Amino acid sequence: MLLELDHIYKWVTTGGRRTFLLNDLSLKVEEGEFISIMGPSGSGKSTLLNVIGMLDGFQEGEYKFLDETIHNMKEKHRSKLYKEYIGFVFQQYHLIDELTVYENIETPLLYKKVKSAERKALVGDMLDRFNIVGKKDLFPNQLSGGQQQLVGIARALISKPKLILADEPTGNLNSKQSDEIMQLFKQLNEEDGVTIIQATHSESNAAYASKTINLLDGSISKS
Amino acid sequence: MIKNYIKIAWRNLLKYKGYSAINIFGLALGMAVTLMIGLWVVDELNYNSYYKSRNRIAQVYQNIEYNGEVDTDNAIPRPLEFALREEFNDKFEDISMASWKGERFMKVDASTLVMNGYSVQPEFTDIIDLKFISGQSEVLNNKNSLLLSKSAATRLFGDKDPIGKMLTVDNENQMIVAGVFEDIPKGNDFSGLDYLMPWSLYADREWIKNASNQWGNDSFQMFVKLADDVKLSEVSGLIATLKKDQDPEQAKYNPEFFLWPIDSWHLYTSFENGKQSGGPIENVWLFSIIGFVVLALACINFMNLSTARSEKRAMEVGIRKAIGSSKNQLIKQFLSESFLVVIFAFILAVGLVLLFLSPFNELSNKTIHFPWESLSFWATTLIFIVITALLSGAYPALYLSSFRPVKVIKGTFKTGKMAALPRKVLVVTQFSVSIALIIGTLIVMSQIEFSKNRPIGYKTSGLIQIPLRGVSFWGKTDVMRNAFMASGAVTEMASSSSPSTEVWSTRSGFSWPGKPQDFQADFSYSMVSYEYVETLGLNVISGRGFSRAYPSDSAAVLINESAARFMNMQDPVGQTLASGKIGVDYTEYKIIGVVEDVIAQSPYSPIKQAVYAFDKYQSASYWNLRLNQNQSVQQNLATIEEVYKNHFPDSPFSFDFVDQEYAKKFAEEERIASLAKIFTLLAMLISCLGLFGLASFVAEQRTKEIGVRKVLGASVANLWLLLSKDFVSLVVVALLIASPIAFYLMHQWIQKFAYRADISLWIFIVAAVGALSLTLLTISFQAIKAAITNPVKSLRTE
């Protein structure tokens, strides 16, 4: 078991009334799974990913990650766990504009205090693997969307996470680029055993996954 | 990691060049001011550091009470020396009597130069740790030898060895140069000391011999060096009551001696009612505070611009957090940015200091060098940089690093209304300080202007004074008056024993009809010749001036209005003042006239009661000459010099314009005022620089809103108003805060002047109008630029 959500409630209060973002949501994810989360806008896909990714909290319920209880864990410990095991891929890529491709990929290693020589080797491998060695000194605004997302995935993978959370990773890409990214995810999942959870609108993208979860109004409607 | 922080910081600086320039330049200005003030403060605190044993050097001071008011002075009576040497010799390493600082003519061959120095006892050289190049202190035991400073010796004798050479002092004494000492550098009392002459020669004068047993004759100075391990306060206690004990006559003045250490001579100069009451140390404090305030203003700019840009950087923060950055790491990153800015600013500040050091020295009358080689300076500087970086970087770092990543990344992040509040508070703080500084400076200036416009009591322009040194001028007043007036350059001339702009001596012991018992009266006292009233242009209120038509005038006096009030005389003319003991030296003086008050002391103080006595012996210290207005000043001066040289070929001709001498009374306040003006200007400039940055940020942030409003038909004026009114209202709030505070503080300050200007409303109006127009000028550039942008452009970028 990689992670387990147990009866999670998350809400915001507006004008004295609660609006539920996650409503009694329970979910188990095994290591090595590839899960697609589908659902209309506002159904809670991003919220769910953020909760799983420990970027966001919740009001009620229990969250276990690798058999450790997350919701009452100290910030420092949680951050350590998170750095170690989780990588994020965003729809808008969210690369840092001021950094080159190389530096963007390197940054998570800096935060994990990896030694310089080792960083060089790891980033070098990653650039090789994604065929972007020639672009390592370019800045994000000099790349196409697909290339930027490749860098984003490379950055998410560099710290060898067990889990990749992807929030509409192909939302801003054309269908050809989109297929390439999905192929890549599938390959990562099958060959490297990385667990992947992606939120998506697209049926064809969802099909790459081994399992699809449908979300509606913060609850899982069909498994 | 550090390398990475710096790299990113560097790229951020380059990317936002405008903001970086404002930040760096603003901080550099602030740091330059603080550095400059720091150097000045250190220089002030290190005054007299030339003297190795400075913790043991002191001068004897005396408190004397007149009518319940205690006066503190460094003049002491001669018998004190004998008493100290006899009773307390073990407490002192050295004791030396000293004359007042005096200018003397020193003549070598045909040339005569004016030299500054004292007549002292041999121990004096040890007291001030004088460094001999040749000779030794004992030569001062010889009445015919003197010591010269290195520079004075060079001026007099050129490259020749001065030792053993003869020179003539004041056309009177033949002296031998018996020693040369190193010049005492600027920044120390006694700097500019040219000569030391033997006390024994000075003490040969009749009146000084007579003073040997006069405890009431406070006409000398005394310097001492304490013995090792003797406490200054202890010795002060021992000598306090010597005068009372030795001469019961003096007890009514309750005289008390005390030692005043050399450390305090420069910065603690004011005494009020016998208690130390500040002095230049107040300026040290004042400017230290101003230095930190100006730096704080610059730091506020940094904080404001950094947090204002937070929306732009929020995304970066969110991503960094999402890919694993901890809050600490983000704080470190933002702090490295502020460090980088501060280091650049510091380098620029050092450049500014180097550039402006010499004008600053001129303004503050100092010789400050940039302390490149001082280790402690660089250590302090390092701390200074760290503090500045923390001060300006800590708040933005904490603020930015605490963003919640989810919100930012989802794009729902907008800094709310509350987020701008601290920024507004800081802007208000900045402008409150700047406006308070403006008001303060205006009040100082108005006080100076007010005192300058105070009636002086005579015509200072077109009047010169010639200082007279030595006995060769005595008895020559009438002869010279005839000669000068015959030359046509001078319309009137009179002598006086004090310059008209100063009070050199005071005299007590007068009695008059109706004087209350035990009333101690102290008058400022000057001896003058005939035509003194006419020469100065004094207004005679009643009676007349000294006149050759009345032989009895040699026993007459003039008094001023204040004296008439002081003595409570309704009709003073014809009444008599008396002095001395009956049967010993009793003398009566008839009051023949009352003249208008003349400002001879501080232009801020009430005018002291004055007596002008007739100078029978023509032994004056100054000749006052009223120049002929029908000729050019140059022509007059050339003629006067020629006449002077004809009569005194061996004495150099020197003179002062009385109006310039009078203007010197304002030098100290004017120096403060011009420094205050500069710092106020800088504070305002720094504040406006920050405002400019904020305005450009706001204009940028509201680009879309402006575009929409324009499409809906808003005019440029509407938009200008829209963008300006927020800032203007902040400045108005600052005005409301600053005005009462500045009023209160300046009201306190101005109390120290007896003669003071009202703090008038127009000062606050000028400050308000000035601050508001500067604000408008600063923000209008951005507002108008935003307002005239083509709306299609700004809307398309969304």
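Residues numbered from 1 in each chain as written. Chains lettered and ligands numbered in written order. Predicted model: local features only at pLDDT ≥ 70, side-chain atom pairs only at ≥ 80, totals over all residues. Heavy atoms only, no water.

In the nomenclature of an unreviewed UniProt entry, chain B is known as ABC transporter permease of Zunongwangia atlantica 22II14-10F7. Per UniProt, chain B carries the Subcellular location (unreviewed entry) text "Cell membrane". (UniProt positions renumbered as here; feature names shortened; annotations may be inferred.)

An unreviewed UniProt entry annotates chain A as ABC transporter ATP-binding protein of Zunongwangia atlantica 22II14-10F7. Quoted verbatim from the Sequence similarities (unreviewed entry) heading of the UniProt record, the comment on chain A is "Belongs to the ABC transporter superfamily. Macrolide exporter (TC 3.A.1.122) family."

A. Inspection of the overall build of chain A at higher detail. Scanning chain A from N- to C-terminus turns up seven helices and ten strands. Taking 2.2 N^0.38 as the reference for a compact globule, 223 residues should give roughly 17 Å; the C-alpha atoms of chain A span a radius of gyration of 18 Å, in line with that estimate. Its C-alpha atoms give chain A principal-axis dimensions of roughly 55 × 40 × 35 Å. Within chain A, the fraction of its 223 residues that count as buried is 52%. Taking contacts inside chain A between residues at least 6 apart in sequence as the whole, the part at least 24 apart equals 72%. The distance from the centre of the 26 positive side-chain charges to the centre of the 30 negative ones in chain A is 5 Å. (Helix = DSSP H or I, 4+ residues; strand = E, 2+ residues; numbered from the N terminus. Rg over C-alpha atoms; globule rule 2.2 N^0.38 Å. Buried < 20%, exposed > 50% of the residue type's maximum accessible area, 1.4 Å probe, protein only. Contact = heavy atoms within 4.5 Å. Lys, Arg positive; Asp, Glu negative; His and termini not counted. Charge placed at Lys NZ, Arg CZ, Asp CG, Glu CD.)

B. Highlighting the pairing of strand E6 (residues 111-120) of chain B. All names here are of chain B. Pairing geometry for strand E5 (residues 102-108) and E6, over seven bridges, is antiparallel. Considered in E6, the bridge of Gly102 is made with Gly117. In this antiparallel pair of consecutive strands, E5 and E6, the connection spans two residues, and Asp109 shows a positive phi of 50°. Bridge analysis of E6 against strand E11 (residues 195-198) gives four bridges, and the strand direction is parallel. Looking across to E11, one finds that Val120 is bridged to Pro198. (Pairing = 2+ DSSP bridges.)

C. A look at the domain arrangement of chain B. Residue and element names in this part refer to chain B. We note that the domain assignment places domain 1 (1-47 + 280-415), domain 2 (57-265) and domain 3 (470-650) within chain B. Using C-alpha coordinates to define each centre, domain 2 is positioned 30 Å away from domain 3. Domain 2 puts twelve residues into the contact, and the matching count from domain 3 is eleven residues. Summed over both partners, the interface of domain 2 with domain 3 buries about 950 Å², with 45% contributed by carbon and sulfur atoms. The largest contributions to the domain 2 side of the interface with domain 3 come from Tyr66, Asn67 and Asn171, which together make up 45% of the buried area. Here domain 2 is connected to domain 3 by one salt bridge. Here Lys107 makes a salt bridge to Asp650, at a shortest N to O gap of 3.5 Å. Here domain 2 and domain 3 share one residue pair in polar contact (both at pLDDT 80 or more) between them. Counting only elements with at least two residues in the side of domain 2 that touches domain 3, the list comes to strand E1 (57-66) and E5. Taken together, the residues of the side of domain 2 that touches domain 3 sort by class into three nonpolar, three polar and six charged. (Domains from an automatic or database assignment. Buried area = accessible area lost by both parts, 1.4 Å probe. Salt bridge = Lys/Arg side-chain N within 4 Å of Asp/Glu carboxyl O. Polar contact = N/O pair within 3.5 Å; in protein donor to acceptor, adjacent residues only side chain to side chain. Nonpolar A, V, L, I, M, F, W, Y, C, P; charged D, E, K, R; others polar.)

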